[in-house]
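Residues per chain are reported as follows:
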Number of protein chains: 2
Amino acid sequence: MASKGSDLRLDERSRRLLKTLVERFIQDAQPVGSRTLSRDSGMELSPATVRNVMADLEEMGLVAAPHTSAGRIPTVKGYRLFIDTLLKVQPLSRVEVERLRENLETGEEFNPQSLISTASNLLSGITNMAGVVTLPRRDHSEIRHMEFVSLSAGRVLAILVFSDNEIQNRILHVEREYSPSELQQASNYLSSLFVGSGLMDVRRRLLNELSRTREDMNETMRAAVEMAGKVFSSSDEEDYVIAGQVNLMNFKELSDVDKLRQLFEAFTTKRDILHLLDQCVSADGVQIFIGEESGYKVLDGCSVVTAPYEIDDHVVGVLGVIGPTRMAYDRVIPIVDVTARLLGAALNSRE
Amino acid sequence: MASKGSDLRLDERSRRLLKTLVERFIQDAQPVGSRTLSRDSGMELSPATVRNVMADLEEMGLVAAPHTSAGRIPTVKGYRLFIDTLLKVQPLSRVEVERLRENLETGEEFNPQSLISTASNLLSGITNMAGVVTLPRRDHSEIRHMEFVSLSAGRVLAILVFSDNEIQNRILHVEREYSPSELQQASNYLSSLFVGSGLMDVRRRLLNELSRTREDMNETMRAAVEMAGKVFSSSDEEDYVIAGQVNLMNFKELSDVDKLRQLFEAFTTKRDILHLLDQCVSADGVQIFIGEESGYKVLDGCSVVTAPYEIDDHVVGVLGVIGPTRMAYDRVIPIVDVTARLLGAALNSRE
DNA sequence: TCTGGCACTCTCACCATGAGAGTGCCAAAC
DNA sequence: GTTTGGCACTCTCATGGTGAGAGTGCCAGA
């Protein structure tokens, strides 16, 4: 939030001009000339004066001219300064907040999966850009229920229910057939051990259980522990849900098919985007990557606005919006911010 | 397969020329001129003669010239004739069949969902176009297992396992709390009624059960039937998994961003594409829609090659490939065909 | 019936041209 | 010293003309 140290001591006039320039450019996607700027700035300055200021800003690397006789456009550095020190975010309109709340306030059918994709769709729908939401990490979510069900010879169905109503199941292949009562016993035993514990905790304790064979365990318990080992071995891979990619095709800065292809490939591959989103888990609130700042050149020309979301005071995921650098940050930032809070609230363990 | 009735009685020479023209155009995406054609056809014909034939073909609407001095390109009608009567499909190479088999022959972790998306990815990967697979309808798949699990006051988890290992679960909201033994009883009762029956069958019989209150039912059974009613009420909505849409961005006939956007929107909306795929369920084998033949103008310039796939001799879904009209049908057709068979086999109920 | 020849047409790449927009800089004004 | 008006300059973009290249249509002759 503080102004970057370096040589960017700008006087008030330059700051205001930069601000109007960025706003104007965001509005209509065209290089802004000195004439327009002198009109729009609200200050009584002649185009010539503006030109002088522009020359300074250009030297500082805050704006650039596509060619000699075009107006100026903000550089990444210019956007950065704008966002960090000049931007005044606009609170969400009531309608928008309502729309978010209505959709995220969980109805009858409560289901984390669908909440996540709803959030992603909302983000893209409201901003007309792409919305992205990572699946929540379950490291800290508690186990509410666990149970084994016999399917057929050698196959056992394991069911896990988490505190946020997430249900996971998996079919285990086992050596011998277990009777329903044996499985019941195993379920009971493991439930007594693990229900109410966080997943990370469970994994840790399970490792202990597995390593030593205790005399006081009967065969069923041992089998139970072994099955649990298989169930919990799944390293929950990170993943995200993205929505509204097509929206990006409407922006003229992304009208190059080749550019678009690379971007969409990145969305499908997921690796780079996940990396980027991961960095935001540790951030405090809304975080913004402008253009190549992110370090991924596919995102050149794009900005990513993210915010982490929490369940029970633990950050479990990140959501955000991906769009052209030239986006209405004053609108997008609060949208991302509020959505993160609402999603967190909606996911919170509850009755 | 038979030549369309109308006026398309073509002599052998015209047919051969049309065939080479289409092949050539598929190969290098450029209008084919008389000179090239006379060389490639393998027949001893001067360009002039070829031109005469071309004039005839154009009159019949089988080929068209983008402008006076370009060569000819096939029309939809031309493609149709080509595919129906001239095309000789190429059997898959051993490598390709192996790749398909390896990926679809179910390994340890058998799971219909992932098989479907593997199939979709394979289709797109091998053809370098977009692959699409509808989720299998479960009307005829048998129920292997059903069970109720108490979660907390007023919430019961219902679990359904189908013959193809598909697992579905759903949280039910109920009026009062049920004890584990009550739920066990309910599970047993319903299992005895429904395990081994097809879903369609179950729905029908359940309606009967629900409509009349029988005296010989105790309260638990009645509750069981009611819960089952909720579980099975879910009209399983149709859906599909699509993969490799980005591949379509590589084709120069789809280099118009606007065109692409419409296409991608259709993929996201799903409605039109589902409609189209639905029509193929009833078809016998591979079916091909060329360009606007499908009736959807978003698909102008695209062809769709589909084949239904079966579980236990019931057609349960459709898979296919979407790409530019100018695609290598001789390769794509067998790929779609074989994949449909392999996917069906892989999904077949089995130990 | 087929073919060679020829005039014709259309595209495409290239260049020149001029209008429009905006700059940079200088000298004068405040 | 800062601001301003003026003016030459530069760059883009749309327009139009030109010539090469490709391929056609048609006609007359084999």
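Quick caveat: nothing in here was measured; it's all calculated off a predicted structure. (Residues numbered from 1 in each chain as written. Chains lettered and ligands numbered in written order. Predicted model: local features only at pLDDT ≥ 70, side-chain atom pairs only at ≥ 80, totals over all residues. Heavy atoms only, no water.)

Peer 1: Honestly, the overall build of chain A in this entry has me stumped. Any pointers?
Peer 2: Tallying secondary structure elements over chain A gives twelve helices and ten strands in all. In terms of C-alpha radius of gyration, chain A reaches 26 Å, well past the compact-globule figure of 20 Å for 351 residues. Principal-axis analysis of the C-alpha atoms gives chain A an extent of 90 × 40 × 35 Å. Relative to its full complement of 351 residues, chain A shows a buried share of 51%. Within the structure as shown, chain A displays about 16600 Å² of accessible surface, and the carbon and sulfur contribution to it stands at 47%. Positive and negative side-chain charges of chain A, numbering 40 and 51 respectively, have mean locations separated by a distance of 5 Å. (Helix = DSSP H or I, 4+ residues; strand = E, 2+ residues; numbered from the N terminus. Rg over C-alpha atoms; globule rule 2.2 N^0.38 Å. Buried < 20%, exposed > 50% of the residue type's maximum accessible area, 1.4 Å probe, protein only. Areas by Shrake-Rupley, 256 points an atom, 1.4 Å probe, with all protein chains shown as cover. Lys, Arg positive; Asp, Glu negative; His and termini not counted. Charge placed at Lys NZ, Arg CZ, Asp CG, Glu CD.)

Peer 1: Is there a simple way to think about the protein's contact with DNA strand C in this case?
Peer 2: Close contacts around DNA strand C come from 18 residues, with S34 and S69 of chain A together with R13, T49 and T68 of chain B the closest. The share of sugar and phosphate among atoms of DNA strand C within 4 Å of the protein is 72%. A distance of 3.0 Å separates a base oxygen of DNA strand C from a polar atom in the side chain of R51 of chain B. Here S69 of chain B contributes a side-chain N or O atom positioned 3.0 Å from a base oxygen of DNA strand C. Counting residues per element, the surface near DNA strand C draws most heavily on helix α3 (residues 47-59) of chain B, which supplies four residues. Residues that form the surface near DNA strand C fall into these classes: two nonpolar, eleven polar and five charged. (Near = heavy atom within 4 Å. Polar contact = N/O pair within 3.5 Å; in protein donor to acceptor, adjacent residues only side chain to side chain. Nonpolar A, V, L, I, M, F, W, Y, C, P; charged D, E, K, R; others polar.)

Peer 1: Which parts of the structure should I look at to understand empty space enclosed by the protein?
Peer 2: A probe as big as a water molecule, rolled over the atoms, marks out the empty space that is left. Residues and elements named next belong to chain B. Evaluation of the coordinates by the stated rule reveals three cavities of 30 Å³ or more. Approximately 60 Å³ is the volume found for the largest cavity. In terms of lining residues, the largest cavity is bounded by R137, R138, H140, S141, I311, D312, H314 and V316. By residue class, the composition of the lining of the largest cavity is two nonpolar, three polar and three charged. (1 Å grid on protein atoms, 1.4 Å probe; cavity = no way out; pocket = protein on both sides within 12 Å on 5 of 7 lines; lining within 4 Å. Points joined across faces, edges and corners; volume = space filled by probe spheres on them.)

Peer 1: Quick question: what am I supposed to make of helix α5 (residues 94-104) of chain B here?
Peer 2: Residues spaced three or four apart along an α-helix point in a common direction, a consequence of the helix completing one turn every 3.6 residues. All names here are of chain B. Those residues of α5 not exposed but buried are E96, L100 and L104. Down the axis of α5, the buried set is contained in an arc of 50°. They therefore lie on one face. Away from the buried face of α5 by more than 90 degrees, exposed residues R94, V95 and E102 are located. Buried residues along α5 sit against α6 (112-127) and α12 (329-347). (Arc of directions from axis to C-beta. Contact = heavy atoms within 4.5 Å.)

Peer 1: Help me out: how do you make sense of the side chain of R138 of chain A in this one?
Peer 2: Residues and elements named next belong to chain A. Tracing the sequence through the fold places R138 in the loop between β3 (130-134) and β4 (143-152). For R138, a relative accessible area of 7% gives the class buried. Separated by 3.3 Å, the side chains of R138 and E166 make a polar contact. With sequence-adjacent residues up to four places away left out, R138 is seen in contact with P112, F162, D164, E166, Q168, L199 and D236.

Peer 1: Explain the protein's contact with DNA strand D to me, please; I cannot follow it from the model alone.
Peer 2: In the vicinity of DNA strand D, 19 residues are found, and the nearest of them are R13, T49 and T68 of chain A together with S34 and S69 of chain B. Protein-proximal atoms of DNA strand D, defined as those within 4 Å of the protein, fall in sugar or phosphate at a share of 72%. Between T68 of chain A and DNA strand D, the recorded distance is 3.2 Å, taken from a side-chain N or O atom to a sugar or linking oxygen. Between DNA strand D and S34 of chain B there is a distance of 2.6 Å, counted from a phosphate oxygen to a side-chain nitrogen or oxygen. With four residues, the single largest contributor to the surface near DNA strand D is helix α3 (residues 47-59) of chain A. Of the residues contributing to the surface near DNA strand D, the split by class is three nonpolar, eleven polar and five charged.

Peer 1: Where do I start with the relation of the copies chain B and chain A in this structure?
Peer 2: In summary, the two copies of the chain are related to each other by a rotation about an axis coupled with a shift along it. With an RMSD of 0.1 Å, chain B superimposes on chain A once it is rotated by 180° and translated 0.0 Å along the axis. Interpreted geometrically, this transformation is the action of a two-fold axis. In terms of C-alpha distance to the rotation axis, chain B has V257 of chain B as its closest residue, with the C-alpha 3.2 Å off the axis. Of the interface residues in chain B, 100% have counterparts in chain A that sit at the interface too, so the contact is made through matching surfaces. (Least-squares fit on C-alpha atoms with pLDDT ≥ 70 in both.)

Peer 1: Would you explain the nonpolar core in this entry?
Peer 2: Within the largest apolar cluster, 167 residues are counted, with the highest numbers of intra-cluster contacts made by Y329 and L343 of chain A together with Y329 and L343 of chain B. Not counting residues up to four positions away in its chain, the partners in contact with L343 of chain B are L104, L115, I116, A119, V133, Y309 and L319 of chain B. (Core = buried A, V, L, I, M, F, W, Y, C linked by side-chain atoms within 4.5 Å.)

Peer 1: Just to check I follow, could you spell out a negative patch on the surface for this structure?
Peer 2: Residue and element names in this part refer to chain A. Negative charge collects at one region of the surface, where E142, D284, E310, D312 and D313 lie side by side. Mapped onto the fold, D313 is located in the loop between β9 (302-311) and β10 (314-324). Of the residues examined, D313 reaches a relative accessible area of 70% and is grouped as exposed. (Patch = residues over 30% accessible without salt bridge, like charges linked within 9 Å, V, L, I, M, F, W, Y side chains within 5 Å. Salt bridge = Lys/Arg side-chain N within 4 Å of Asp/Glu carboxyl O.)

Peer 1: What's the story with the pairing of β9 of chain A in this structure? I'm lost.
Peer 2: Residue and element names in this part refer to chain A. The element β9 is largely enclosed, with a buried count of nine among its ten residues. Examined bridge by bridge, strand β8 (residues 287-290) and β9 share four bridges and lie antiparallel to one another. Counted as the bridge partner of I290 is S303 from β9. Examined bridge by bridge, β9 and β10 share ten bridges and lie antiparallel to one another. The residue of β10 that forms the bridge with V304 is I322. Joining the antiparallel neighbours β9 and β10 is a turn of two residues, in which D312 adopts a positive phi near 50°. (Pairing = 2+ DSSP bridges.)

Peer 1: I would appreciate a short explanation of the pattern of salt bridges in the present structure.
Peer 2: Any two side chains of opposite charge can pair, on the condition that their charged atoms come close. Inspection of every chain in the model, using the stated rule, returns 44 salt bridges over all chains. R80 of chain A is the partner of D84 of chain A in a salt bridge, and the nearest nitrogen-oxygen pair spans 3.3 Å. Of this pair, D84 of chain A and R80 of chain A are both found in helix α4 (residues 76-86), four residues apart, which corresponds to roughly one turn of the helix. Each member of the pair D84 of chain A and R80 of chain A is classed as buried. Of the charged contacts, one joins E293 of chain B and R80 of chain B as a salt bridge, the two residues approaching to 2.7 Å between their closest N and O atoms.

Peer 1: Any chance you could explain α4 of chain A here in plain terms?
Peer 2: Residues and elements named next belong to chain A. Most of α4 sits out of view: eight of its eleven residues are buried. For α4, the complete set of buried residues consists of G78, Y79, R80, L81, F82, I83, D84 and L86. For α4, the elements touching its buried residues are α1 (12-28), β2 (73-74), β8 and α12 (329-347).

Peer 1: I tried to follow the interface of chain B and chain A on my own but got confused; where do I start?
Peer 2: The figure often quoted for interface size is the accessible area lost as the parts come together. Contacts between the two partners involve 29 residues from chain B and, on the opposite side, 29 residues from chain A. Buried surface at the junction of chain B and chain A, summed over both partners, amounts to about 2700 Å²; 62% is from carbon and sulfur atoms. Sorting the residues of chain B by area buried against chain A places V246, M249 and V257 of chain B first, and these three jointly supply 19% of that buried surface. Scanning the region where chain B abuts chain A turns up zero salt bridges. There are five residue pairs in polar contact (both at pLDDT 80 or more) connecting chain B and chain A. Secondary structure elements with two or more residues in the side of chain B that touches chain A: β4 (143-152), β5 (155-162), β6 (167-173) and α10 (257-269) of chain B. (Buried area = accessible area lost by both parts, 1.4 Å probe.)

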